[in-house]
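# Descriptive analysis of the structure
So the chains spell out like this:
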Amino acid sequence: MISLFKYFQNTIVFNKGLGNVSIINHIKIYRQWEKQLKSKMSPFDLKFPWITVAAKNYLDQYLKDNSNRNFNVFEYGSGGSTMYFLNFSEKVVSVEHDEKWYEYVKKSIFENQLEKKWEGFFIQPEIDPSMEKESHPNFANPLQYLSQDLCFR
């Protein structure tokens, strides 16, 4: 865990200053981040998208300010973001490439009785034939997947 002082040092270096965020808001962001880390819970368990605290706060405010609108969400990959968006949207469509993870997310959605708002798809990825020779392919490696779009090969 880094200290608040180190957080400010890193923020200033990476952002070339504090950006458009006040010191008080930075302290709030740090405290939220610290609380998340200390909880030792994953973004899925917290029902959070895997984004920065500042981005999540922005998204929370945006969705709160537009709560009267009907949102539909499409996401490639599922998890905490799926659970998060199911609370704010009319419908969430998720495409997942990992079958075990897909089943885990699906089970949680049904346990929380959110299945009417969710449409999930498990799509088996196409493995690059040159990688099939590996005895234990790393499915997290995006270089092992193919796309029909030639500019992504």
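In short, a report on the structure. (Residues numbered from 1 in each chain as written. Predicted model: local features only at pLDDT ≥ 70, side-chain atom pairs only at ≥ 80, totals over all residues. Heavy atoms only, no water.)

Across the interface, helix H1 (residues 4–15) lies against helix H2 (residues 23–39) with an axial gap of 11 Å and an inter-helix angle of 120 degrees. Like other packed secondary-structure pairs, H1 and H2 cross with a definite hand, here right-handed. Mapping the contact onto sequence places Leu4, Tyr7, Phe8 and Thr11 in H1 and Ile23, His26, Ile27, Ile29, Tyr30 and Arg31 in H2. Split by residue class, the contact of H1 with H2 holds seven nonpolar, two polar and one charged. (Axes fitted to C-alpha atoms, helices over the stretch in contact; angles between N-to-C directions. Helix = DSSP H or I, 4+ residues; strand = E, 2+ residues; numbered from the N terminus. Left-handed = near helix turned anticlockwise from the far one by under 90°. Contact = heavy atoms within 4.5 Å. Nonpolar A, V, L, I, M, F, W, Y, C, P; charged D, E, K, R; others polar.)

Let us look at the pattern of salt bridges. Side chains that carry opposite charge are capable of pairing whenever their charged atoms lie near each other. Within this structure, the stated rule accounts for five salt bridges. The shortest N-O distance in the salt bridge between Glu34 and Lys38 comes to 3.7 Å. Here the residue Glu34 and the residue Lys38 both occupy positions in helix H2, the gap between them amounting to four residues, near one helical turn. The buried category is assigned to Glu34, whose relative accessible area is 17%. Glu111 is the salt-bridge partner of Lys107, the closest N and O atoms lying 3.6 Å from each other. Of this pair, Lys107 and Glu111 both sit in helix H6 (residues 99–111), separated by four residues, roughly a single helical turn. Its relative accessible area of 53% is what places Lys107 among the exposed residues. (Salt bridge = Lys/Arg side-chain N within 4 Å of Asp/Glu carboxyl O. Buried < 20%, exposed > 50% of the residue type's maximum accessible area, 1.4 Å probe, protein only.)

Once that is clear, we can look at the packing of aromatic side chains. Tallied over the full model, the rule gives 10 aromatic pairs. Measuring from ring centre to ring centre gives 5.9 Å for Tyr102 and Trp118, while their planes differ by 35 degrees; the resulting arrangement is tilted. Of this pair, Tyr102 sits in helix H6 while Trp118 sits in strand S3 (residues 118–122), and the two are 16 residues apart along the sequence. Residue class for Tyr102 comes out buried when judged on its relative accessible area of 9%. For Trp118, a relative accessible area of 10% translates into the label buried. For the ring pair Tyr102 and Phe122, a centre distance of 6.2 Å and an interplane angle of 45 degrees mean the geometry is tilted. In this pair, Tyr102 is assigned in helix H6 and Phe122 in strand S3, connecting sequence segments 20 residues apart. An aromatic cluster is defined as three or more aromatic residues linked by ring pairs; in this entry it consists of Tyr7, Tyr30 and Trp33. It is Lys56 that lies over the ring of Phe48; its NZ or CZ is 4.3 Å from the centre. (Phe/Tyr/Trp six-rings, centres within 6.5 Å; stacked < 30°, edge-to-face > 60°. Lys NZ or Arg CZ within 6 Å of the ring centre and 35° of its normal.)

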